[in-house]
Amino acid sequence: MSTVSATVIIEDPIGFHARPAGQIVKLVKESGVEVRIGRQGEKLVKANSPLGLMALKAKTGETLSVEVDAEEATAQSIISAIQEFLKG
């Protein structure tokens with residue numbers, strides 16, 4: 001298993017709020033893989049914690065780093081879903 005890294009942009013006009021955080025947590029828990037999200041250059045938080053994600057207080061237009069510990073195809077699928085959740 002490898003770690004796949006990518007960046008996602010918060011496009012939701014409200015920013016990173018409870019709904020996308022909940023969707024991401026559900027996705028991560030269902031997938032059974034470890035996913036970390038955060039600002040570039042900062043410590044990433046585990047994406048299985050809604051409070052951890054909300055603590056990022058990320059705003060519309062911000063770019064976040066995503067790391068997924070999974071095979072390439074699985075990781076890309078998770079990253080794509082996260083980007084969709086952040087579109088609003």
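Higher on the page you've got the structure.
Being a predicted model, the structure only gives us computed values, none of them experimental.

(A) Fine view of the packing of helix α1 (residues 18–31) against helix α3 (residues 72–85). For the pair α1 and α3, the least separation of the axes is 9 Å and the interaxial angle reads 165 degrees. Classified by the angle between their axes, α1 and α3 sit roughly antiparallel to one another. As for how α1 packs across α3, the hand of that crossing is right-handed. Contacts between α1 and α3 involve P20, Q23, I24, L27 and S31 on the former and, on the latter, I78, A81, I82 and F85. Classifying every residue of the contact of α1 with α3 gives 7 nonpolar, 2 polar and no charged.

(B) Structural detail: α1. Between its terminal C-alpha atoms α1 stretches 20 Å, which fits the 20 Å expected from 14 residues at 1.5 Å a residue. The complete set of buried residues in α1 reads P20, A21, I24, V25, L27 and V28. Along the axis of α1, the buried positions cluster into a sector of 165 degrees, meaning they face one direction only. Among the exposed residues of α1, those pointing more than 90 degrees away from its buried face are A18, K26, K29 and E30. A positive backbone phi angle near 75 degrees is found at G32, which sits one or two residues after α1.

The rules behind these values
- Residues numbered from 1 in each chain as written.
- Predicted model: local features only at pLDDT ≥ 70, side-chain atom pairs only at ≥ 80, totals over all residues.
- Heavy atoms only, no water.
- Axes fitted to C-alpha atoms, helices over the stretch in contact; angles between N-to-C directions.
- Helix = DSSP H or I, 4+ residues; strand = E, 2+ residues; numbered from the N terminus.
- Parallel < 35°, antiparallel > 145°, perpendicular 65-115°, else oblique.
- Left-handed = near helix turned anticlockwise from the far one by under 90°.
- Contact = heavy atoms within 4.5 Å.
- Nonpolar A, V, L, I, M, F, W, Y, C, P; charged D, E, K, R; others polar.
- Expected span 1.5 Å × (residues − 1).
- Buried < 20%, exposed > 50% of the residue type's maximum accessible area, 1.4 Å probe, protein only.
- Arc of directions from axis to C-beta.

Taken by themselves, the reported measurements are silent on function.
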